[in-house]
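Chain residues, written in single-letter form:
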Amino acid sequence: MDSSKPVKAVKDVVEAAAAKVAEALTSEVPGAPGSAPATVDEPTAPKGPLPPKKEQGAPDTRTPTGAETGAPAESKGQQGAFLTTSQGARLRDTDHSLKAGPRGPILLQDHHFREKITHFDHERIPERVVHARGAGAHGVFTGYGAAQKVTKAGFLAKGKETPVFVRFSTVLGSRGSADTVRDTRGFATKFYTDEGTFDLVANNIPVFFIQDAIKFPDIIHAGKPHPDREIPQAQSAHDTFWDFVSLHTEAQHHTIWNMSDRGIPRSYRTMEGFGVHTFRLVDAAGETVLVKFHWKPKLGVHSLDWEEAQIAAGVDPDFHRRDLYDAIEAGAFPEWELGIQVFPDTPEETFAGIDLLDPTKIVPEELAPVQPVGKLVLNRTPRNFFAETEQVAFHLGHLPPGIDVTNDPLLQGRLFSYVDTQLTRLGGPNFSQIPINRPHAPVNDMLRDGFHQHAVHAGVAPYRPNSLDGGNPFTTEENAFLDLPVVVAEAPKVRANPASFDDHYSQVRLFWLSMSPVEKEHIIRAYTFELGKCYEQAIKERQLQCLANIDPVLCAEVAKGLGLPAPEPTVPLADVHPSPALSQIGRMWPADGRLIGIVVDPAVGLDDVGPVRRAVFAAGMVPLLIAPYGGVVDGMPVQRTFATARSVEFDAILVAGAPAPAADALPVRDAKAGAAGSLAVDPRVVLLVDEAWRHAKAIGAWGNGLTVLQEAGVAGTPGVVTAESGEDALTAVQQLLAAHRVWERFPASVA
Ligand code: HEM
């Protein structure tokens, strides 16, 4: 008898089961690394390159001068069946260097070894000096036509579609830092318009720390880790940050936004974006208006709870990146509307008494409504992080005809800084020829040579005037960028701000008074935490003085937490009208792409789980089954086990069963198993529900699942629904999700 036969039969069964799991995982739930399941054994014969994953897209195939090449995007990747050198010679072996005998030294002549190692040694480029940590996606922008009465920019025309690339980022952390830190988020959009690239380099906070760009190195040096120990990473809870913002009080407005829930977004998909500065739009007749740009997310503005953010930073440092990519892969394409606030272009450059050149001020939406002018949909993830997300280069001077800048002194400085830094970061002046940066409008400049020149320029006369190239290229009036002849008032050359920039507190107070009680609690908590992490008493006292100038309640509550007396204000408290539009709470939003964790107990029947799972998919959300062990249960893939699941990943929890403690529910094996003392139910399930409850998430249970609610002590509390069936539980949970959280669970102590 051939003894290998039973072994082979077992192996076949195991492989078939593994293939089924792999297929289930890749076909339904986002996150699988490749476009096809991997095999257990290392493949021995080439099968041809795998296609990219269905949701991935690469930059358009354009020449360095913007012309369409017609080549498929795959043509750029080196993805063939046979390994070659960089020059295309096929290789026999890449696992052993060429040596003088198996035990001898490596030979200098090993050109493959040298090429491979040399290239590897130079793989890194400097990370961005700020906004180093980011995630990007491709998409499309469609104009509504509404902006055409104020600008001639063609990409805003009705129905006009323009490809875009968006990069979201944190500001302070290094490339490898966690996503969910308390920080401002970047929201930079490259519109590849037919009339030249437009970069809207925005943030998720509408004001900035400083009024003059010359202070940028100061605020960044203060916010970055301390220069001696290089800690703390990616956060503002340290002495140098608070030292600066409490002395340079124009930073107080931006700071309160960071201390609010805006500083810890739930997702990039749930962030607003703001161009911050006032821009100038010009129409076909040369008439101008002043505008502020806003991005409004379809899913509403939604943030993490602070504890949730901290847990996520540990259990999933890529929380926002993963969320963006998974949502796109699941077909829940993130969407925003671009809107503008429009102001008359008067010589004073003010609106309702607000200086439009002061980047520490907003114009409340109640005074100037945000008018929608187009829609952004992100529908493709990058194929290669480095080539696209890392090499993309934004610049505020990338302006198409119809959009111009103002004299905002922060904006003016930014016009210098971005290209300047990219010269170093991207290794020379030709970074606009990197595929992700190539314009889609024809490029006909007279810039020549330099490091990494990709264009093969024809012609002999890259200068003007010339006769040798027939005088080409010519300048034109036709749809050309117009430097508006804005009048600059006669004035002495000074290093000074306008007097209107001196008001550092009134809008901070406006923001505070516009918050709901629970949002105010979160702000108090954030200041108390951050200042509590400072060592220097003087810095805490100085910041408390700033808080006193914002609001006595805010100051008193934070002072209590710090164990310090609350000072009296040193400036009169501003008499301001709250702006309800600044609060995140009180509206209802779609639940697209939200993650629903479903706890199952494979020891009992799972008949009712399949329909719930399908209903979650049908509602445009993503179901993730959580079971005691991995693999497939009842034909459905298990995406999380009790060991790998953590509540922060889910927007809501459905409890379909009350699984008994699994074999690995031992504190020594899984720290989470020690967290709750239940004997009847796996303690990690109890912790999951308990945490979800603490973070005010919707929880639904039916059947045996009700036992878990009892064990966690949450039964009958707000936002915890029990139902006859899984589908009923889902319907109730979905309704709760529309408000983002079960806000009643956070009792507020301040009004
Ligand atoms: C309203 C104020 C500001 C906003 C909204 C803003 C926004 C951004 C964003 C979103 C990025 C990331 C771009 C990307 O994803 O590649 C960025 C990067 C950067 N910003 Fe700003 N920024 C502001 C102020 C400034 C100022 C005042 C300066 C300097 C004077 C500055 C210098 C830089 C630099 C050097 C980078 C790195 C660019 C690169 O390496 O490609 N920013 N900024």
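Scroll up for the structure.
(A) The overall build of the chain, seen in detail. Within the chain one finds 17 helices and 21 strands. Taken over the C-alpha trace, the chain has a radius of gyration of 29 Å; the compact-globule value for 751 residues is 27 Å, and the two agree within 12%. Across its three principal directions, the C-alpha atoms of the chain cover 95 × 75 × 55 Å. Burial status across the chain gives 51% buried among its 751 residues. Contacts in the chain between residues far apart in sequence, at least 24 positions, make up 71% of those at least 6 positions apart. Put simply, the chain has 70 plus and 92 minus side-chain charges, and the middle of one group is 5 Å from the middle of the other.

(B) Broad picture of the pattern of salt bridges. In total, this model carries 40 salt bridges according to the counting rule given. Taking the shortest distance from any N to any O, the salt bridge between Asp-243 and Arg-542 comes out at 2.8 Å. Placement of Asp-243 in helix α4 (residues 239–247) and of Arg-542 in helix α12 (residues 537–550) is noted, with a sequence separation of 299 residues between them. Here Glu-272 makes a salt bridge to Lys-296, at a shortest N to O gap of 2.7 Å. One end of the pair, Glu-272, is in the loop between α5 (252–259) and β6 (273–274); the other, Lys-296, is in strand β8 (residues 288–297), and 24 residues separate them in sequence. Looking at Glu-272, the relative accessible area reads 6%, which means it is buried. We classify Lys-296 as partly exposed; its relative accessible area is 23%. If you follow the salt bridges from partner to partner, you end up with Arg-266, Arg-269, Asp-323, Arg-594 and Asp-651 in one network.

(C) Representation of the site of the ligand within the structure. Around the ligand there are 23 residues in total, and Arg-128, Arg-167, Arg-414, Tyr-418 and Arg-425 lie nearest to it. One of the side-chain nitrogen or oxygen atoms of Arg-128 is found 2.7 Å away from an oxygen atom of the ligand. At 3.0 Å from an oxygen atom of the ligand is found a side-chain nitrogen or oxygen belonging to Gln-422. Breaking the shell around the ligand down by element, the ones donating at least two residues are β4 (185–193), β5 (196–203) and α9 (409–425). With 7 residues, the top contributor of residues to the shell around the ligand is α9. Its residues placed into classes, the shell around the ligand shows 12 nonpolar, 7 polar and 4 charged.

(D) The arrangement of the coordination of the iron atom of the ligand in detail. Protein coordination of the iron atom of the ligand is limited to a single donor, Tyr-418 (OH), positioned at 1.9 Å. Topologically, Tyr-418 is positioned in helix α9.

(E) Quick look at helix α6 (residues 306–315). Three or more residues of α6 are buried, namely Trp-306, Glu-308, Ala-309, Ile-311 and Ala-312. Turning to α6, the residues buried within the fold contact α7 (319–329), α11 (517–532) and α15 (683–694). With a side-chain oxygen positioned 3.2 Å from the backbone nitrogen of Glu-307, the residue opening α6 is Asp-305.

(F) Looking closely at the nonpolar core. Of all hydrophobic cores here, the largest spans 50 residues; its most connected members are Trp-242, Ile-256, Tyr-527, Leu-554 and Val-558. Within the residue set of this core, elements represented by two or more residues are α3 (216–223), α4, α5, α10 (506–513), α11, α12 and α13 (552–562). Looking at this core element by element, the count peaks at 6 residues for α12. Filtering out sequence-adjacent residues up to four positions away, Trp-242 remains in contact with Ser-236, Ala-237, Thr-255, Met-259, Tyr-527, Glu-530, Leu-531, Cys-534, Ile-539 and Gln-543.

(G) Molecular detail of the packing of helix α14 (residues 609–618) against helix α17 (residues 726–737). At a closest axis distance of 8 Å, the pairing of α14 and α17 adopts a crossing angle of 30 degrees. It follows that α14 is roughly parallel to α17 by the angle criterion. You can see that α14 and α17 cross each other, and the crossing is right-handed. Facing α14, whose interface residues are Pro-611, Val-612, Ala-615 and Val-616, α17 presents Gly-726, Glu-727 and Leu-730. Grouping the constituent residues of the contact of α14 with α17 by class yields 5 nonpolar, 1 polar and 1 charged.

(H) Highlighting the environment of Ala-284. Within the secondary structure layout, Ala-284 lies in the loop between β7 (279–282) and β8. Separated by 61 residues in sequence, Ala-284 and Asp-345 place their C-alpha atoms 16 Å apart.

(I) Local environment of unusual backbone geometry. Along the chain, Arg-464 connects to Pro-465 via a cis peptide bond; the corresponding omega equals -5 degrees. In this fold, Pro-465 is placed in the loop between α9 and α10. With an omega dihedral of -10 degrees, the bond running from Asn-472 to Pro-473 counts as a cis peptide bond. Looking at the secondary structure, you find Pro-473 in the loop between α9 and α10. Positive phi outside glycine occurs at His-452, with the angle close to 60 degrees. Considering the arrangement of structural elements, one finds His-452 in the loop between α9 and α10. A positive phi angle is found at Asp-634, which is not glycine, with a value near 50 degrees. Structurally, Asp-634 is set in the loop between β16 (632–633) and β17 (636–637).

(J) Just the packing of aromatic side chains, in detail. Enumeration over the complete set of coordinates arrives at 24 aromatic pairs. Where Phe-141 meets Trp-295, the ring centres are 6.3 Å apart and the plane angle is 80 degrees; that geometry is what we call edge-to-face. Note that Phe-141 is positioned in strand β2 (residues 134–143) and Trp-295 in strand β8, a separation of 154 residues in sequence. Exposure class is identical for Phe-141 and Trp-295. Each is buried.

(K) Fine view of a nonpolar patch on the surface. There is a patch of nonpolar side chains on the surface, built from Ile-106, Phe-113 and Ile-117 and spanning about 220 Å² of accessible area. Here Ile-117 lies in helix α2 (residues 111–121).

Cut-offs and rules
Residues numbered from 1 in each chain as written. Predicted model: local features only at pLDDT ≥ 70, side-chain atom pairs only at ≥ 80, totals over all residues. Heavy atoms only, no water. Helix = DSSP H or I, 4+ residues; strand = E, 2+ residues; numbered from the N terminus. Rg over C-alpha atoms; globule rule 2.2 N^0.38 Å. Buried < 20%, exposed > 50% of the residue type's maximum accessible area, 1.4 Å probe, protein only. Contact = heavy atoms within 4.5 Å. Lys, Arg positive; Asp, Glu negative; His and termini not counted. Charge placed at Lys NZ, Arg CZ, Asp CG, Glu CD. Salt bridge = Lys/Arg side-chain N within 4 Å of Asp/Glu carboxyl O. Near = heavy atom within 4 Å. Polar contact = N/O pair within 3.5 Å; in protein donor to acceptor, adjacent residues only side chain to side chain. Nonpolar A, V, L, I, M, F, W, Y, C, P; charged D, E, K, R; others polar. Donors = N, O, S within 2.8 Å, 3.2 Å for Na, K, Ca; no water. Core = buried A, V, L, I, M, F, W, Y, C linked by side-chain atoms within 4.5 Å. Axes fitted to C-alpha atoms, helices over the stretch in contact; angles between N-to-C directions. Parallel < 35°, antiparallel > 145°, perpendicular 65-115°, else oblique. Left-handed = near helix turned anticlockwise from the far one by under 90°. Phe/Tyr/Trp six-rings, centres within 6.5 Å; stacked < 30°, edge-to-face > 60°. Patch = residues over 30% accessible without salt bridge, like charges linked within 9 Å, V, L, I, M, F, W, Y side chains within 5 Å. Areas by Shrake-Rupley, 256 points an atom, 1.4 Å probe, with all protein chains shown as cover.

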